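Fold and geometry: a report
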Amino acid sequence: MLSHPTRSTTSRTGNGSTLQSTKVAWSPQKGPQTALVKCPADEIFYGGARGGGKTDGMLGKFAVKASRYGEHCVGVFFRRSREDLKEAIERSQQIYGPIGAKWNEQKKWWRFPNGARLKFEYLDRDADADNYQGHNYTDVFFEELTHWASPTPVNKLRATLRSATGVPCQFHATGNPGGPGHQWVKARYISPAPQGWSLMWEDFTNPFTGEIVRKNRVFIPSKLSDNHYLGSGYVANLYQSGSKELVRAWLAGDWDVVEGAFFDCWDASKHVVRPFEVPETWARFRSGDWGSAKPFSMDGGLLSGKSTGLKVGSGCRAAA
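Describing the pairing of strand β7 (residues 117-122)
The sheet contact formed by strand β4 (residues 74-79) and β7 spans 6 bridges and is parallel. Counted as the bridge partner of Gly75 is Leu118 from β7. As consecutive antiparallel partners, strand β6 (residues 109-111) and β7 are separated by 5 residues, and within that stretch Gly115 has a phi angle of approximately 100°, a positive value.

So, in structure tokens, the structure goes:
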């Protein structure tokens, strides 16, 4: 059952009786944001486009878990730089303040009335991740994951996810196409299930017992159209803030868009076909470029005989 962050107040009437009222401080929007709050997956990547309500979703999810698990719920919220944290902290004050949570400016953390805690940190250098060895968190949040060029510092923080009291530990991340970490984020969360909503499983073996441990992750796509608080004005702002390719990636959540690409019209929904049995009458061919000065490329293709062709596979790597 979904429990919204609330605050109860008691007032006394003229005849001496008391009235208790409850005010909802935050509730998720219908659609992806509600799915995020309810999602029990070990690892969640949420968003994939601009304006999908990512920050609210992360902050709201922790408030919901905090209301359920109390002092045993401890989270940490990361951005790449101190400056990046300001907006998230400001928004957290609007959500957490009304439910009685107390903000510690020096320690940059919230303490909820039931003892739950969420602190805000930044990882300016990858080596900063080593400072968290020995920490224990039930929830780790990384906002704008593509701002980290390498998954190394992010992965180190996974070791802090542990609970001795049975609280389900979760890793949460948000992000948009683009940025220095675009490729590794896409490979981990987008490429295995481009449409999202599908659990991806990964097996690990306990070296001490031989037990197989299964972990899952999921991509929950959220776009501007899922955010009922942002309208056409924000769309216009996005059109003015970047190249045509980048704006398309932000609005559509298209992770195949690459600025400066030769085929800048690429659209997976138009240019990728479902697997099918190739007729024997179709011509098959291969082509290649050795790439003595540049990365090489090897391609396979089909000719249907109707002046159309299909590229069925390719491979390339940087020249040694």
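Continuing now.
Remarks on helix α7 (residues 244-252)
Side chains three or four residues apart in an α-helix point the same way, a direct result of the helix having 3.6 residues per turn. Taken together, the buried positions of α7 are Glu245, Leu246, Val247, Ala249 and Trp250. At the exit of α7 stands Gly253, carrying a positive phi of roughly 65°.

Here we look at the packing of aromatic side chains
On inspection of all chains with the given rule, the structure shows 16 aromatic pairs. Look at Tyr96 and Phe112: their rings are 4.9 Å apart centre to centre, the planes differ by 65°, and that puts the pair in the edge-to-face class. Of the two residues, Tyr96 is situated in helix α3 (residues 82-96) and Phe112 in the loop between β6 and β7; the sequence distance between them amounts to 16 residues. Neither Tyr96 nor Phe112 differs from the other in exposure class; each is buried.

Observations regarding unusual backbone geometry
Unusually for a residue other than glycine, Lys108 sits at a positive phi of about 55°. Given a relative accessible area of 26%, Lys108 falls into the partly exposed group. The backbone phi angle of Trp197 is positive, close to 70°, even though this residue is not glycine. Secondary-structure assignment places Trp197 in the loop between α5 (182-190) and β10 (200-205).

Observations regarding the side chain of Ser222
Counting through the fold element by element, Ser222 comes out in the loop between β11 (212-221) and α6 (232-239). On the accessibility criterion, Ser222 (1% relative accessible area) is buried. Here the side chain of Ser222 touches Tyr46 through a polar contact of 3.3 Å, side chain to side chain. Discounting residues that sit within four places of it in the chain, Ser222 has contacts with Pro32, Tyr46, Gly47, Gly48, Ala49 and Gly52.

The rules behind these values
Residues numbered from 1 in each chain as written. Predicted model: local features only at pLDDT ≥ 70, side-chain atom pairs only at ≥ 80, totals over all residues. Heavy atoms only, no water. Pairing = 2+ DSSP bridges. Helix = DSSP H or I, 4+ residues; strand = E, 2+ residues; numbered from the N terminus. Buried < 20%, exposed > 50% of the residue type's maximum accessible area, 1.4 Å probe, protein only. Phe/Tyr/Trp six-rings, centres within 6.5 Å; stacked < 30°, edge-to-face > 60°. Polar contact = N/O pair within 3.5 Å; in protein donor to acceptor, adjacent residues only side chain to side chain. Contact = heavy atoms within 4.5 Å.

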